[in-house]
Amino acid sequence: MHSDFWIVPAWLLMGSLFAPLASGDDFTFFHEEVMGTALELRVRADDEPAARDAEARVLSEIDRLSAILSGYDPSSDLSRWMNQPGEASSAPAELFEVLRAADSWTRASGGAFDPRAAVFGALWNSCAERGRTPTLAELTEAKVLASADAWRLDLDAKTAERIGRTPISLDGIAKGFIIERACAAALDPSRGVRGILLNVGGDLRVVGEGFGTIGLAPPIGDSEASEPFTYLEVHDRSVATSGAAHRGWMIGDRWHSHIIDPRSGRPVEAVASASVVAPRGSDADALATALNVLPVADGLRLVNGLPEVECLIVASDGAIHRSDGWGELERSQPASSLMANAQEPIAVAPEAKRQKAWGESFELVVRFEINRPEVEQRRYRRPYVVVYIEDETGHVVRHLLMWVSMSGSGPDQWLPDLLRWYRSDAGRTRIERRNKAYAIGRSTRPPGEYRITWNGKDDMGQPLPEGSYTVFVEAAREHGTHQVIRMPVSIADEPFAEDYEGNVEIKSASVEYRRIGSE
(Lines give C-alpha, C1' and ligand atoms only; values in the text may rest on other atoms or scores of the structure.)
Protein backbone atom coordinates (compact mmCIF):
# COMPACT_ATOMS: atom_id res chain seq x y z
CA MET A 1 0.00 0.00 0.00
CA HIS A 2 2.99 2.26 0.16
CA SER A 3 4.36 4.61 -2.41
CA ASP A 4 8.04 4.95 -3.18
CA PHE A 5 8.12 8.09 -1.09
CA TRP A 6 11.56 9.60 -0.81
CA ILE A 7 13.44 9.36 2.45
CA VAL A 8 16.66 11.22 1.97
CA PRO A 9 19.97 11.61 3.72
CA ALA A 10 20.76 14.66 5.76
CA TRP A 11 23.95 15.23 3.80
CA LEU A 12 22.34 15.26 0.36
CA LEU A 13 19.82 17.44 -1.38
CA MET A 14 17.67 14.46 -2.25
CA GLY A 15 18.14 10.76 -2.86
CA SER A 16 18.04 7.40 -1.23
CA LEU A 17 21.24 7.11 0.77
CA PHE A 18 20.92 8.02 4.38
CA ALA A 19 24.18 9.09 6.00
CA PRO A 20 27.63 10.30 5.03
CA LEU A 21 30.60 8.04 4.99
CA ALA A 22 31.82 9.54 8.20
CA SER A 23 34.48 6.88 8.64
CA GLY A 24 36.01 3.90 6.91
CA ASP A 25 33.73 1.43 8.68
CA ASP A 26 30.53 2.23 6.80
CA PHE A 27 29.56 -0.11 3.97
CA THR A 28 26.70 0.19 1.49
CA PHE A 29 24.95 -2.53 -0.50
CA PHE A 30 22.25 -2.34 -3.19
CA HIS A 31 19.97 -5.07 -4.49
CA GLU A 32 17.15 -5.08 -7.02
CA GLU A 33 13.97 -7.17 -7.03
CA VAL A 34 13.69 -7.50 -3.26
CA MET A 35 10.03 -7.75 -2.21
CA GLY A 36 9.20 -6.29 -5.61
CA THR A 37 11.34 -3.18 -5.18
CA ALA A 38 14.91 -1.99 -4.52
CA LEU A 39 16.88 -2.50 -1.33
CA GLU A 40 19.57 -0.29 0.16
CA LEU A 41 21.54 -1.48 3.16
CA ARG A 42 24.11 0.54 5.08
CA VAL A 43 26.20 -1.27 7.66
CA ARG A 44 28.53 0.11 10.29
CA ALA A 45 30.99 -2.70 10.91
CA ASP A 46 34.52 -3.38 12.09
CA ASP A 47 35.61 -4.51 8.62
CA GLU A 48 34.32 -5.56 5.22
CA PRO A 49 33.91 -9.29 6.03
CA ALA A 50 31.68 -8.37 8.98
CA ALA A 51 29.63 -6.04 6.78
CA ARG A 52 29.19 -8.67 4.08
CA ASP A 53 28.17 -11.20 6.72
CA ALA A 54 25.49 -8.74 7.87
CA GLU A 55 24.37 -8.28 4.26
CA ALA A 56 24.02 -12.06 3.86
CA ARG A 57 21.97 -12.33 7.06
CA VAL A 58 19.67 -9.49 5.99
CA LEU A 59 18.98 -11.09 2.61
CA SER A 60 18.56 -14.54 4.12
CA GLU A 61 16.00 -13.33 6.65
CA ILE A 62 14.10 -11.39 3.98
CA ASP A 63 13.99 -14.50 1.78
CA ARG A 64 12.85 -16.67 4.68
CA LEU A 65 10.05 -14.34 5.74
CA SER A 66 8.97 -13.60 2.16
CA ALA A 67 8.48 -17.33 1.66
CA ILE A 68 6.00 -17.15 4.52
CA LEU A 69 4.29 -13.77 4.02
CA SER A 70 4.35 -13.03 0.29
CA GLY A 71 0.95 -12.61 -1.31
CA TYR A 72 2.49 -12.83 -4.79
CA ASP A 73 4.24 -16.18 -4.42
CA PRO A 74 1.67 -18.97 -4.87
CA SER A 75 3.88 -21.33 -2.87
CA SER A 76 4.18 -19.04 0.18
CA ASP A 77 2.57 -20.05 3.48
CA LEU A 78 0.22 -17.09 3.20
CA SER A 79 -0.92 -18.02 -0.30
CA ARG A 80 -1.50 -21.65 0.58
CA TRP A 81 -3.38 -20.67 3.76
CA MET A 82 -5.57 -18.23 1.82
CA ASN A 83 -6.59 -21.03 -0.56
CA GLN A 84 -7.68 -23.38 2.25
CA PRO A 85 -10.78 -21.80 3.83
CA GLY A 86 -12.64 -23.50 6.64
CA GLU A 87 -9.62 -25.20 8.15
CA ALA A 88 -8.01 -24.05 11.40
CA SER A 89 -4.29 -24.67 11.03
CA SER A 90 -1.14 -24.03 12.99
CA ALA A 91 0.17 -21.18 10.88
CA PRO A 92 3.86 -20.26 11.02
CA ALA A 93 4.52 -18.05 14.03
CA GLU A 94 5.39 -15.08 11.81
CA LEU A 95 2.15 -15.33 9.81
CA PHE A 96 0.12 -15.64 13.00
CA GLU A 97 1.86 -12.58 14.45
CA VAL A 98 1.22 -10.44 11.35
CA LEU A 99 -2.44 -11.51 11.19
CA ARG A 100 -2.84 -10.66 14.85
CA ALA A 101 -1.21 -7.25 14.32
CA ALA A 102 -3.50 -6.62 11.34
CA ASP A 103 -6.54 -7.41 13.47
CA SER A 104 -5.29 -5.04 16.16
CA TRP A 105 -4.75 -2.13 13.74
CA THR A 106 -8.08 -2.69 12.00
CA ARG A 107 -9.78 -2.23 15.36
CA ALA A 108 -7.56 0.63 16.56
CA SER A 109 -8.00 2.61 13.33
CA GLY A 110 -11.74 2.13 13.14
CA GLY A 111 -11.32 0.24 9.88
CA ALA A 112 -9.06 2.81 8.19
CA PHE A 113 -6.46 0.04 7.92
CA ASP A 114 -7.92 -3.24 6.72
CA PRO A 115 -6.28 -5.97 4.62
CA ARG A 116 -9.69 -6.61 3.03
CA ALA A 117 -9.27 -3.33 1.11
CA ALA A 118 -7.66 -5.61 -1.49
CA VAL A 119 -11.22 -6.20 -2.73
CA PHE A 120 -11.50 -2.57 -3.78
CA GLY A 121 -7.99 -2.44 -5.20
CA ALA A 122 -8.83 -5.28 -7.57
CA LEU A 123 -12.05 -3.52 -8.59
CA TRP A 124 -10.35 -0.19 -9.32
CA ASN A 125 -7.59 -1.95 -11.26
CA SER A 126 -10.13 -3.71 -13.42
CA CYS A 127 -12.16 -0.58 -14.05
CA ALA A 128 -9.09 1.56 -14.77
CA GLU A 129 -8.02 -0.89 -17.48
CA ARG A 130 -11.38 -0.13 -19.14
CA GLY A 131 -10.94 3.60 -18.71
CA ARG A 132 -13.69 4.18 -16.16
CA THR A 133 -14.40 4.35 -12.44
CA PRO A 134 -16.44 1.70 -10.62
CA THR A 135 -20.20 2.04 -10.72
CA LEU A 136 -22.25 2.42 -7.55
CA ALA A 137 -23.53 -1.13 -7.99
CA GLU A 138 -19.98 -2.48 -8.29
CA LEU A 139 -18.87 -0.62 -5.17
CA THR A 140 -21.90 -1.87 -3.25
CA GLU A 141 -21.15 -5.47 -4.24
CA ALA A 142 -17.49 -5.04 -3.30
CA LYS A 143 -18.44 -3.61 0.11
CA VAL A 144 -20.47 -6.71 0.89
CA LEU A 145 -17.51 -8.93 0.06
CA ALA A 146 -15.04 -6.72 1.97
CA SER A 147 -17.19 -6.72 5.10
CA ALA A 148 -17.16 -10.51 5.42
CA ASP A 149 -14.82 -12.08 7.98
CA ALA A 150 -11.60 -13.23 6.31
CA TRP A 151 -9.96 -15.16 9.16
CA ARG A 152 -10.32 -16.20 12.78
CA LEU A 153 -7.44 -16.53 15.23
CA ASP A 154 -7.32 -18.75 18.30
CA LEU A 155 -4.89 -16.95 20.59
CA ASP A 156 -4.53 -19.94 22.93
CA ALA A 157 -4.02 -22.64 20.30
CA LYS A 158 -2.10 -20.27 18.00
CA THR A 159 -4.17 -21.37 15.03
CA ALA A 160 -5.45 -19.29 12.12
CA GLU A 161 -8.62 -20.26 10.27
CA ARG A 162 -9.21 -18.83 6.82
CA ILE A 163 -12.88 -17.89 6.40
CA GLY A 164 -14.53 -17.48 3.04
CA ARG A 165 -12.87 -16.18 -0.12
CA THR A 166 -12.60 -12.47 0.62
CA PRO A 167 -9.31 -11.27 -0.98
CA ILE A 168 -6.82 -9.83 1.49
CA SER A 169 -3.42 -8.16 1.25
CA LEU A 170 -0.86 -7.94 4.02
CA ASP A 171 1.37 -5.61 1.97
CA GLY A 172 0.52 -2.68 4.23
CA ILE A 173 1.97 -4.35 7.31
CA ALA A 174 4.21 -7.29 6.33
CA LYS A 175 7.03 -5.29 4.78
CA GLY A 176 7.69 -3.32 7.95
CA PHE A 177 7.60 -6.56 9.93
CA ILE A 178 10.13 -8.22 7.61
CA ILE A 179 12.49 -5.23 7.64
CA GLU A 180 12.48 -5.14 11.43
CA ARG A 181 13.27 -8.85 11.65
CA ALA A 182 16.01 -8.55 9.02
CA CYS A 183 17.69 -5.76 11.00
CA ALA A 184 17.50 -7.81 14.17
CA ALA A 185 19.14 -10.73 12.38
CA ALA A 186 22.03 -8.58 11.14
CA LEU A 187 22.86 -6.33 14.10
CA ASP A 188 25.39 -8.17 16.25
CA PRO A 189 28.28 -6.30 17.93
CA SER A 190 29.87 -9.63 18.82
CA ARG A 191 30.32 -10.20 15.07
CA GLY A 192 31.58 -6.68 14.50
CA VAL A 193 28.29 -5.22 13.23
CA ARG A 194 27.41 -2.10 15.22
CA GLY A 195 24.80 -0.29 13.13
CA ILE A 196 22.24 -1.04 10.43
CA LEU A 197 20.13 1.13 8.18
CA LEU A 198 17.82 -0.83 5.89
CA ASN A 199 15.49 0.70 3.32
CA VAL A 200 13.24 -1.40 1.13
CA GLY A 201 11.05 0.59 -1.20
CA GLY A 202 10.55 3.48 1.21
CA ASP A 203 10.11 1.51 4.43
CA LEU A 204 13.13 2.12 6.62
CA ARG A 205 14.61 0.99 9.92
CA VAL A 206 17.64 2.33 11.82
CA VAL A 207 19.24 0.28 14.61
CA GLY A 208 22.52 0.48 16.50
CA GLU A 209 25.18 3.12 15.88
CA GLY A 210 25.03 5.95 13.34
CA PHE A 211 22.69 6.70 10.45
CA GLY A 212 20.24 8.56 12.66
CA THR A 213 19.48 11.71 10.64
CA ILE A 214 17.29 11.48 7.56
CA GLY A 215 15.25 13.93 5.51
CA LEU A 216 11.80 13.78 3.98
CA ALA A 217 11.24 15.14 0.48
CA PRO A 218 7.93 16.85 -0.26
CA PRO A 219 5.13 14.62 -1.59
CA ILE A 220 3.47 17.44 -3.54
CA GLY A 221 5.17 18.73 -6.69
CA ASP A 222 8.23 16.62 -5.98
CA SER A 223 11.03 15.97 -8.45
CA GLU A 224 14.52 14.54 -8.40
CA ALA A 225 15.80 18.03 -7.58
CA SER A 226 13.54 18.51 -4.58
CA GLU A 227 15.15 19.38 -1.28
CA PRO A 228 13.96 17.81 1.97
CA PHE A 229 11.29 19.88 3.63
CA THR A 230 12.20 18.52 7.06
CA TYR A 231 14.94 16.52 8.80
CA LEU A 232 14.52 14.15 11.71
CA GLU A 233 16.70 12.01 13.93
CA VAL A 234 15.69 8.46 14.80
CA HIS A 235 17.45 5.64 16.60
CA ASP A 236 16.26 2.05 16.94
CA ARG A 237 13.07 2.98 15.16
CA SER A 238 11.17 2.26 11.97
CA VAL A 239 10.03 4.97 9.56
CA ALA A 240 7.25 4.37 7.07
CA THR A 241 5.70 6.81 4.64
CA SER A 242 2.64 6.22 2.53
CA GLY A 243 1.18 8.57 -0.03
CA ALA A 244 -0.62 8.99 -3.30
CA ALA A 245 2.03 10.71 -5.41
CA HIS A 246 3.52 7.80 -7.33
CA ARG A 247 0.98 4.97 -7.43
CA GLY A 248 -2.64 4.92 -8.48
CA TRP A 249 -4.86 5.17 -11.53
CA MET A 250 -5.20 7.89 -14.14
CA ILE A 251 -8.78 7.62 -15.36
CA GLY A 252 -9.71 10.25 -17.90
CA ASP A 253 -8.00 13.41 -16.75
CA ARG A 254 -8.13 12.61 -13.03
CA TRP A 255 -5.59 10.89 -10.79
CA HIS A 256 -6.88 8.42 -8.19
CA SER A 257 -4.70 7.28 -5.29
CA HIS A 258 -3.88 3.60 -4.87
CA ILE A 259 -4.74 3.97 -1.17
CA ILE A 260 -8.38 2.97 -0.69
CA ASP A 261 -10.62 3.87 2.21
CA PRO A 262 -11.81 0.37 3.25
CA ARG A 263 -14.99 1.88 4.63
CA SER A 264 -16.13 3.48 1.37
CA GLY A 265 -14.18 1.63 -1.29
CA ARG A 266 -13.00 4.92 -2.78
CA PRO A 267 -9.44 6.31 -3.16
CA VAL A 268 -8.38 8.80 -0.52
CA GLU A 269 -8.24 12.48 -1.40
CA ALA A 270 -7.72 14.66 1.68
CA VAL A 271 -4.19 13.46 2.57
CA ALA A 272 -1.16 13.56 0.27
CA SER A 273 1.15 11.53 2.52
CA ALA A 274 1.73 10.40 6.08
CA SER A 275 5.06 9.55 7.72
CA VAL A 276 5.21 7.52 10.92
CA VAL A 277 8.06 6.82 13.33
CA ALA A 278 7.49 3.85 15.64
CA PRO A 279 9.47 1.27 17.62
CA ARG A 280 7.99 -1.59 15.56
CA GLY A 281 8.08 -1.82 11.80
CA SER A 282 4.63 -3.37 11.43
CA ASP A 283 3.10 -0.56 13.51
CA ALA A 284 4.75 2.18 11.42
CA ASP A 285 3.65 0.39 8.24
CA ALA A 286 -0.01 -0.01 9.18
CA LEU A 287 -0.31 3.46 10.70
CA ALA A 288 1.14 5.17 7.62
CA THR A 289 -1.70 3.68 5.58
CA ALA A 290 -4.39 4.43 8.17
CA LEU A 291 -3.34 8.08 8.45
CA ASN A 292 -3.93 8.56 4.72
CA VAL A 293 -7.49 7.38 5.22
CA LEU A 294 -8.52 9.04 8.47
CA PRO A 295 -9.45 12.72 8.72
CA VAL A 296 -6.31 14.57 9.81
CA ALA A 297 -7.68 15.42 13.27
CA ASP A 298 -8.67 11.79 13.89
CA GLY A 299 -5.27 10.54 12.75
CA LEU A 300 -3.41 12.93 15.04
CA ARG A 301 -5.65 11.94 17.94
CA LEU A 302 -4.87 8.26 17.31
CA VAL A 303 -1.11 8.79 17.18
CA ASN A 304 -1.02 11.13 20.17
CA GLY A 305 -2.56 8.35 22.24
CA LEU A 306 0.15 5.85 21.33
CA PRO A 307 3.44 5.58 23.27
CA GLU A 308 6.69 6.31 21.38
CA VAL A 309 4.86 6.85 18.07
CA GLU A 310 4.95 10.11 16.11
CA CYS A 311 3.66 11.22 12.72
CA LEU A 312 3.75 13.97 10.15
CA ILE A 313 0.75 14.32 7.83
CA VAL A 314 0.78 16.38 4.64
CA ALA A 315 -2.72 17.30 3.53
CA SER A 316 -3.60 17.52 -0.16
CA ASP A 317 -3.64 21.32 0.10
CA GLY A 318 -0.02 21.25 1.31
CA ALA A 319 -0.77 21.94 4.98
CA ILE A 320 1.58 20.08 7.33
CA HIS A 321 0.29 18.55 10.56
CA ARG A 322 2.52 17.09 13.28
CA SER A 323 1.79 14.85 16.24
CA ASP A 324 2.55 16.29 19.67
CA GLY A 325 6.05 14.81 19.90
CA TRP A 326 7.16 15.02 16.27
CA GLY A 327 9.01 18.27 16.92
CA GLU A 328 11.36 16.45 19.28
CA LEU A 329 12.55 14.36 16.32
CA GLU A 330 13.03 17.26 13.91
CA ARG A 331 16.45 18.76 13.38
CA SER A 332 17.72 21.81 11.56
CA GLN A 333 19.48 21.35 8.24
CA PRO A 334 22.72 19.48 9.07
CA ALA A 335 25.92 21.39 8.49
CA SER A 336 27.22 18.68 6.17
CA SER A 337 24.38 19.30 3.73
CA LEU A 338 25.52 22.90 3.40
CA MET A 339 28.51 21.66 1.39
CA ALA A 340 26.40 22.19 -1.71
CA ASN A 341 26.56 25.92 -1.05
CA ALA A 342 30.31 26.02 -0.51
CA GLN A 343 31.33 26.14 -4.16
CA GLU A 344 33.01 28.99 -5.96
CA PRO A 345 30.65 31.34 -7.82
CA ILE A 346 29.95 30.64 -11.46
CA ALA A 347 31.34 33.48 -13.56
CA VAL A 348 28.65 35.40 -15.48
CA ALA A 349 29.59 37.81 -18.22
CA PRO A 350 28.63 41.44 -17.50
CA GLU A 351 26.43 41.60 -20.58
CA ALA A 352 24.57 38.49 -19.44
CA LYS A 353 23.70 40.14 -16.16
CA ARG A 354 21.91 42.88 -18.03
CA GLN A 355 19.79 40.46 -20.04
CA LYS A 356 16.28 39.52 -19.03
CA ALA A 357 16.24 36.81 -16.38
CA TRP A 358 13.82 33.92 -16.25
CA GLY A 359 10.35 34.85 -15.11
CA GLU A 360 9.24 33.29 -11.84
CA SER A 361 6.23 31.84 -13.64
CA PHE A 362 8.21 29.32 -15.76
CA GLU A 363 10.08 26.10 -15.05
CA LEU A 364 11.90 23.51 -17.15
CA VAL A 365 11.01 19.89 -16.49
CA VAL A 366 13.51 17.22 -17.52
CA ARG A 367 12.28 13.64 -17.64
CA PHE A 368 14.33 10.53 -18.34
CA GLU A 369 14.14 6.79 -17.86
CA ILE A 370 17.03 4.58 -16.79
CA ASN A 371 17.11 1.48 -18.95
CA ARG A 372 17.89 -2.03 -17.77
CA PRO A 373 19.53 -4.30 -20.34
CA GLU A 374 17.59 -7.55 -20.28
CA VAL A 375 20.70 -9.70 -20.61
CA GLU A 376 22.07 -8.46 -17.30
CA GLN A 377 19.15 -9.61 -15.15
CA ARG A 378 19.86 -9.51 -11.40
CA ARG A 379 23.56 -8.70 -11.80
CA TYR A 380 22.74 -5.31 -13.28
CA ARG A 381 25.09 -2.57 -12.07
CA ARG A 382 23.47 0.83 -11.68
CA PRO A 383 24.96 3.57 -13.86
CA TYR A 384 26.51 6.80 -12.72
CA VAL A 385 24.27 9.60 -14.00
CA VAL A 386 24.84 13.35 -14.16
CA VAL A 387 22.32 15.89 -15.50
CA TYR A 388 23.68 19.38 -16.09
CA ILE A 389 23.04 22.61 -18.01
CA GLU A 390 25.53 24.39 -20.27
CA ASP A 391 25.23 27.92 -21.60
CA GLU A 392 26.06 28.97 -25.17
CA THR A 393 29.80 29.06 -24.39
CA GLY A 394 29.81 25.46 -23.20
CA HIS A 395 30.18 26.50 -19.56
CA VAL A 396 28.39 24.32 -16.97
CA VAL A 397 26.05 26.70 -15.16
CA ARG A 398 23.90 24.25 -13.24
CA HIS A 399 24.17 20.67 -11.99
CA LEU A 400 20.67 19.25 -11.57
CA LEU A 401 21.71 15.89 -10.17
CA MET A 402 24.61 13.50 -9.81
CA TRP A 403 24.07 9.84 -9.00
CA VAL A 404 27.23 8.05 -7.93
CA SER A 405 28.35 5.45 -5.41
CA MET A 406 29.40 6.70 -2.00
CA SER A 407 30.46 3.27 -0.74
CA GLY A 408 33.85 1.63 -1.06
CA SER A 409 36.41 4.12 -2.35
CA GLY A 410 33.70 6.72 -2.94
CA PRO A 411 32.55 8.26 -6.22
CA ASP A 412 35.92 9.20 -7.71
CA GLN A 413 36.78 5.79 -9.13
CA TRP A 414 34.17 5.82 -11.91
CA LEU A 415 33.50 9.53 -12.36
CA PRO A 416 36.08 9.81 -15.20
CA ASP A 417 33.83 7.44 -17.19
CA LEU A 418 31.35 10.33 -17.47
CA LEU A 419 33.62 11.43 -20.27
CA ARG A 420 32.06 14.61 -21.53
CA TRP A 421 31.23 16.07 -18.14
CA TYR A 422 34.57 15.08 -16.66
CA ARG A 423 36.50 16.73 -19.49
CA SER A 424 34.82 20.09 -18.94
CA ASP A 425 36.89 22.62 -17.01
CA ALA A 426 34.19 23.19 -14.41
CA GLY A 427 33.62 19.49 -13.82
CA ARG A 428 37.31 18.62 -13.64
CA THR A 429 38.11 21.48 -11.26
CA ARG A 430 35.39 20.40 -8.89
CA ILE A 431 36.46 16.77 -8.99
CA GLU A 432 40.10 17.63 -8.33
CA ARG A 433 38.98 19.59 -5.29
CA ARG A 434 36.80 16.65 -4.26
CA ASN A 435 33.84 18.84 -3.45
CA LYS A 436 31.22 18.45 -6.18
CA ALA A 437 30.40 14.78 -5.87
CA TYR A 438 30.62 14.91 -2.11
CA ALA A 439 28.41 18.00 -2.06
CA ILE A 440 25.56 16.96 -4.36
CA GLY A 441 26.29 13.28 -5.03
CA ARG A 442 23.47 10.89 -4.36
CA SER A 443 23.01 7.18 -4.48
CA THR A 444 22.77 5.51 -7.86
CA ARG A 445 19.15 4.72 -8.63
CA PRO A 446 17.35 1.66 -10.00
CA PRO A 447 15.82 1.47 -13.49
CA GLY A 448 12.72 3.59 -13.84
CA GLU A 449 11.35 7.00 -14.76
CA TYR A 450 12.61 10.17 -13.07
CA ARG A 451 11.85 13.87 -13.22
CA ILE A 452 13.87 17.00 -12.40
CA THR A 453 12.56 20.54 -12.29
CA TRP A 454 14.91 23.45 -13.08
CA ASN A 455 13.97 26.92 -11.84
CA GLY A 456 16.39 28.84 -14.06
CA LYS A 457 19.03 29.41 -11.39
CA ASP A 458 22.72 28.55 -11.48
CA ASP A 459 24.67 26.46 -8.98
CA MET A 460 24.89 29.45 -6.65
CA GLY A 461 21.16 30.07 -6.71
CA GLN A 462 21.42 33.15 -8.93
CA PRO A 463 18.87 33.64 -11.76
CA LEU A 464 20.18 33.10 -15.28
CA PRO A 465 19.15 35.18 -18.30
CA GLU A 466 16.84 34.04 -21.05
CA GLY A 467 18.64 32.53 -24.00
CA SER A 468 19.97 29.26 -25.41
CA TYR A 469 21.10 26.44 -23.14
CA THR A 470 21.75 22.73 -23.50
CA VAL A 471 20.57 20.06 -21.13
CA PHE A 472 22.83 17.01 -20.92
CA VAL A 473 21.88 13.63 -19.49
CA GLU A 474 25.06 11.57 -19.27
CA ALA A 475 25.36 8.00 -17.98
CA ALA A 476 28.23 5.53 -17.55
CA ARG A 477 28.02 2.06 -16.09
CA GLU A 478 30.73 -0.27 -14.80
CA HIS A 479 31.03 -3.13 -17.32
CA GLY A 480 28.47 -1.21 -19.39
CA THR A 481 28.52 1.72 -21.80
CA HIS A 482 28.87 5.49 -21.80
CA GLN A 483 25.96 7.44 -23.27
CA VAL A 484 24.97 11.10 -23.65
CA ILE A 485 21.65 12.70 -24.57
CA ARG A 486 21.93 16.34 -25.64
CA MET A 487 18.80 18.53 -25.50
CA PRO A 488 19.10 22.15 -26.75
CA VAL A 489 16.52 24.52 -25.25
CA SER A 490 15.65 28.15 -25.91
CA ILE A 491 14.43 29.88 -22.79
CA ALA A 492 12.06 32.80 -23.38
CA ASP A 493 8.34 33.40 -22.87
CA GLU A 494 6.98 30.56 -25.01
CA PRO A 495 6.25 27.09 -23.57
CA PHE A 496 7.53 24.08 -25.49
CA ALA A 497 8.05 20.33 -25.15
CA GLU A 498 10.27 17.89 -27.01
CA ASP A 499 11.08 14.18 -26.77
CA TYR A 500 14.51 12.69 -27.50
CA GLU A 501 15.58 9.25 -28.58
CA GLY A 502 17.17 7.14 -25.89
CA ASN A 503 20.08 4.73 -25.83
CA VAL A 504 21.40 1.69 -23.98
CA GLU A 505 21.61 3.35 -20.56
CA ILE A 506 18.96 6.10 -20.80
CA LYS A 507 15.87 4.65 -22.44
CA SER A 508 14.23 8.00 -23.18
CA ALA A 509 14.42 11.68 -22.30
CA SER A 510 12.30 14.78 -22.74
CA VAL A 511 12.15 18.45 -21.81
CA GLU A 512 9.11 20.61 -21.14
CA TYR A 513 9.26 24.37 -20.62
CA ARG A 514 6.01 25.37 -19.00
CA ARG A 515 4.25 27.76 -16.73
CA ILE A 516 4.43 26.71 -13.09
CA GLY A 517 1.24 24.98 -12.06
CA SER A 518 0.28 24.00 -15.61
CA GLU A 519 0.80 20.27 -14.95
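Preceding this paragraph is the structure being described.
Just so it is clear, the model here is predicted, and its values are computed rather than measured. (Residues numbered from 1 in each chain as written. Predicted model: local features only at pLDDT ≥ 70, side-chain atom pairs only at ≥ 80, totals over all residues. Heavy atoms only, no water.)

On to the side chain of Arg-162, then. Residue position: Arg-162 is located in strand β6 (residues 159–162). Summary of buried charges: Arg-162 has no salt-bridge partner, and the nearest side chain of opposite charge, Asp-114, is 10.0 Å away. At 3.1 Å, the side chain of Arg-162 and the backbone oxygen of Met-82 are in polar contact. Engagement of the side chain of Arg-162 in a polar contact is seen with the backbone oxygen of Thr-166, the distance being 2.9 Å. (Helix = DSSP H or I, 4+ residues; strand = E, 2+ residues; numbered from the N terminus. Buried < 20%, exposed > 50% of the residue type's maximum accessible area, 1.4 Å probe, protein only. Lys, Arg positive; Asp, Glu negative; His and termini not counted. Salt bridge = Lys/Arg side-chain N within 4 Å of Asp/Glu carboxyl O. Polar contact = N/O pair within 3.5 Å; in protein donor to acceptor, adjacent residues only side chain to side chain.)

Take the pattern of salt bridges next. With the rule as written, the count across this model stands at 27 salt bridges. We note a salt bridge from Glu-363 to Arg-514, for which the minimum N-O separation is 2.9 Å. Of this pair, Glu-363 sits in strand β18 (residues 362–370) while Arg-514 sits in strand β26 (residues 506–515), placing them 151 residues apart in sequence. Relative accessible area serves as the criterion here: at 6%, Arg-514 is assigned to the buried category. Taking the shortest distance from any N to any O, the salt bridge between Arg-398 and Asp-459 comes out at 3.9 Å. In this pair, Arg-398 is assigned in strand β20 (residues 396–404) and Asp-459 in the loop between β22 (448–454) and β23 (467–476), connecting sequence segments 61 residues apart. Comparing Arg-398 with Asp-459 shows no difference in burial state: the two are buried. Connected through shared salt-bridge partners, Asp-53, Arg-57, Asp-188 and Arg-191 make up one network.

This paragraph deals with the environment of Ser-169. Within the secondary structure layout, Ser-169 lies in the loop between β6 and α6 (171–186). C-alpha separation for the pair Ser-169 and Gly-121, spaced 48 residues apart in sequence, amounts to 9.7 Å. Once residues within four sequence positions are removed from consideration, Ser-169 is found in contact with Pro-115 and Ala-118. Separated by 3.2 Å, the side chain of Ser-169 and the backbone nitrogen of Asp-171 make a polar contact. (Contact = heavy atoms within 4.5 Å.)

Okay, the side chain of Arg-398 next. A relative accessible area of 17% places Arg-398 in the buried class. Here the side chain of Arg-398 touches Asn-455 through a polar contact of 3.4 Å, side chain to side chain. Polar contacts involving the side chain of Arg-398 include one to the main-chain carbonyl oxygen of Lys-457, which spans 2.9 Å. With near-sequence residues (within four places) excluded, Arg-398 lies in contact with Tyr-388, Ile-389, Trp-454, Asn-455, Lys-457, Asp-458 and Asp-459.

Here three strands make up an open sheet; going across it, the order is β4-β6-β5 and the pairing antiparallel. Looking at strand neighbours, the two that pair on one side only are β4 (88–89) and β5 (151–154), the edges of this open sheet. Of the strands in this sheet, β5 and β6 touch helix α3 (residues 93–108), which is tilted by about 110 degrees from β5. (Pairing = 2+ DSSP bridges. Axes fitted to C-alpha atoms, helices over the stretch in contact; angles between N-to-C directions.)

Most of strand β3 (residues 37–45) is tucked away: nine of the nine residues are buried. Taken together, the seven bridges between β3 and strand β7 (residues 193–200) define a ladder with antiparallel strand orientation. Within β7, the residue paired with Ala-45 across the bridge is Val-193.

A few words now on the packing of helix α4 (residues 118–129) against helix α5 (residues 136–146). In the contact formed by α4 and α5, the axes pass within 9 Å of each other and the chain directions differ by 155 degrees. Between α4 and α5, the crossing angle belongs to the class labelled roughly antiparallel. Between α4 and α5 the crossing geometry is right-handed. Touching Val-119, Phe-120, Leu-123, Trp-124 and Cys-127 of α4 are Glu-138, Leu-139, Ala-142, Lys-143, Leu-145 and Ala-146, all from α5. Split into classes, the residues belonging to the contact of α4 with α5 amount to nine nonpolar, no polar and two charged. (Parallel < 35°, antiparallel > 145°, perpendicular 65-115°, else oblique. Left-handed = near helix turned anticlockwise from the far one by under 90°. Nonpolar A, V, L, I, M, F, W, Y, C, P; charged D, E, K, R; others polar.)

Before going further, it helps to spend a moment on α4. Between its first and last C-alpha, α4 extends 17 Å over 12 residues, near the 16 Å set by a 1.5 Å rise per residue. Residues Val-119, Phe-120, Gly-121, Leu-123, Trp-124, Cys-127 and Ala-128 constitute the buried set of α4. Buried residues belonging to α4 abut α5, β12 (248–251) and β13 (254–257). Looking one or two residues beyond α4, the residue adopting positive phi is Gly-131, at roughly 75 degrees. (Expected span 1.5 Å × (residues − 1).)

Even without being glycine, Asp-236 reaches a positive phi, approximately 50 degrees. Assignment of secondary structure puts Asp-236 in the loop between β10 (230–233) and β11 (237–243). At Glu-308, a residue that is not glycine, the phi angle is positive and equals roughly 60 degrees. Among the secondary structure elements, Glu-308 is positioned in the loop between α8 (296–304) and β15 (310–315). The exposed category is assigned to Glu-308, whose relative accessible area is 53%.

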